[in-house]
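Commentary on secondary and tertiary structure
The chain contents come next:
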Amino acid sequence: MAAELHVELVAADRSVWSGEATLVVARTTSGDIGIMPGHQPLLGVLESGPVTIRTSGGGTVIAAVHGGFISFADNKLSLLAEIVELADEIDVQRAERALERAKSDADAAAERRAEIRLRAVAVR
């Protein structure tokens, strides 16, 4: 079994992260899933939520992912999402303001996006 897998994290408008990893945890419509080298092939729908990538170098990449697809075969994992925000790119104060605005506007979708951004930042 290989010790690492190749990961491509891609948003609709850009390639967000690419590299080698030992573990990726993501939320699918069937629940949370952990992908390690040698995992069975899969194709699934991503739910909005944080994605955690444990890099081969011992680091961790956290991203807020908003919808998309996950595909794994031949030790290559692709996470294709509508919107991806790395935790390091998220402005916490802006996300908190967006959450408050969404709550006051009763905008459930915007509220969910803001909550996911804040969860991604909290995990890092």
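Quick summary incoming for the structure in this document. Here the structure is a predicted model, which is why all the values come from computation and not from measurement.

**Quick word on helix H2 (residues 108-123)**
- The end-to-end C-alpha distance of H2, which contains 16 residues, comes to 22 Å, matching closely the 22 Å that a straight helix rising 1.5 Å per residue would cover.
- Within H2, the full set of buried residues consists of Ala110, Ala114, Ile116, Arg117, Ala120 and Val121. Viewed end-on, H2 has its buried residues packed into an arc of 155 degrees, placing them on one side of the element. Pointing more than 90 degrees away from the buried face of H2 are the exposed residues Ala108 and Ala122.
- In this structure, the buried side of H2 is in contact with strand E5 (49-55), strand E6 (60-73), strand E7 (76-86) and helix H1 (92-105).

**A closer look at H1**
- Compared with an ideal rise of 1.5 Å per residue, which puts 14 residues at 20 Å, H1 spans 20 Å between its outermost C-alpha atoms and is within 8% of the ideal.
- What H1 keeps buried is the set Ala95, Ala98, Leu99 and Ala102. Seen along its axis, H1 keeps its buried residues to an arc of 100 degrees; they face one direction. Exposed residues pointing more than 90 degrees away from the buried face of H1 are listed as Gln93 and Ser104.
- Looking at the buried side of H1, the elements it contacts are H2.
- The N-cap of H1, judged by a side-chain oxygen 3.1 Å from the amide nitrogen of glutamine 93 a few residues on, is aspartate 91.
- Two residues or fewer past H1, alanine 106 is found with a positive phi of approximately 55 degrees.

**Brief notes about the nonpolar core**
- Within the largest apolar cluster, 24 residues are counted, with the highest numbers of intra-cluster contacts made by Val7, Leu9, Val24, Ile53, Leu77 and Leu79.
- For this core, the secondary structure elements donating two or more residues are strand E1 (5-11), strand E2 (14-28), strand E4 (42-46), E5, E6 and E7.
- Those residues within four positions of leucine 9 in sequence are excluded, and the remaining contacts are Ser15, Val16, Trp17, Ile53, Ala63, Val65, Leu79 and Val84.
- Counting residues in each nonpolar core, the second largest holds eight residues, with Ile62, Ala87, Ile90 and Val121 among its members.

**Considerations on a nonpolar patch on the surface**
- Taken together, Val45, Phe69 and Leu80 make up a surface patch of nonpolar side chains, about 270 Å² in accessible area.
- As for its position among the elements, valine 45 is in strand E4.

Conventions and cut-offs
Along each chain, residue indices are assigned from 1 in the same order as the chain's sequence is written. With pLDDT at 70 or above as the cut-off, local features in this predicted model cover only qualifying residues; side-chain atom pairs require 80 or more to be listed or tallied, and sums for whole chains, interfaces and linings still use all residues. The side-chain quantities take in all heavy atoms of the structure and omit both hydrogens and water. Numbering of helices and strands starts at the N terminus; helices are DSSP runs of H or I of at least 4 residues and strands are runs of E of at least 2. By definition here, a helix of n residues has an expected span of 1.5 Å times n minus one. Buried, partly exposed and exposed residues are distinguished by accessible area as a fraction of the type maximum, computed with a 1.4 Å probe on protein chains only: under 20%, between the cut-offs, and over 50%, respectively. Here the arc refers to the set of directions running from the helix axis out to each C-beta atom. Any two residues whose heavy atoms approach within 4.5 Å are treated as being in contact. In protein, a polar contact requires one atom able to donate a hydrogen and another able to accept it; more generally it is a pair of N or O atoms within 3.5 Å, and residues adjacent in sequence count only if both atoms are side-chain atoms. Residues belong to a common nonpolar core when they are buried Ala, Val, Leu, Ile, Met, Phe, Trp, Tyr or Cys residues joined through side-chain atoms within 4.5 Å. Candidate patch residues must exceed 30% relative accessible area and have no salt bridge, after which like charges are joined if within 9 Å and Val, Leu, Ile, Met, Phe, Trp or Tyr side chains if within 5 Å. Here the Shrake-Rupley method, with its probe set to 1.4 Å, supplies the accessible areas, and only the displayed protein chains count as covering residues. The salt bridge definition used is simple: a Lys or Arg side-chain nitrogen within 4 Å of an Asp or Glu carboxyl oxygen.

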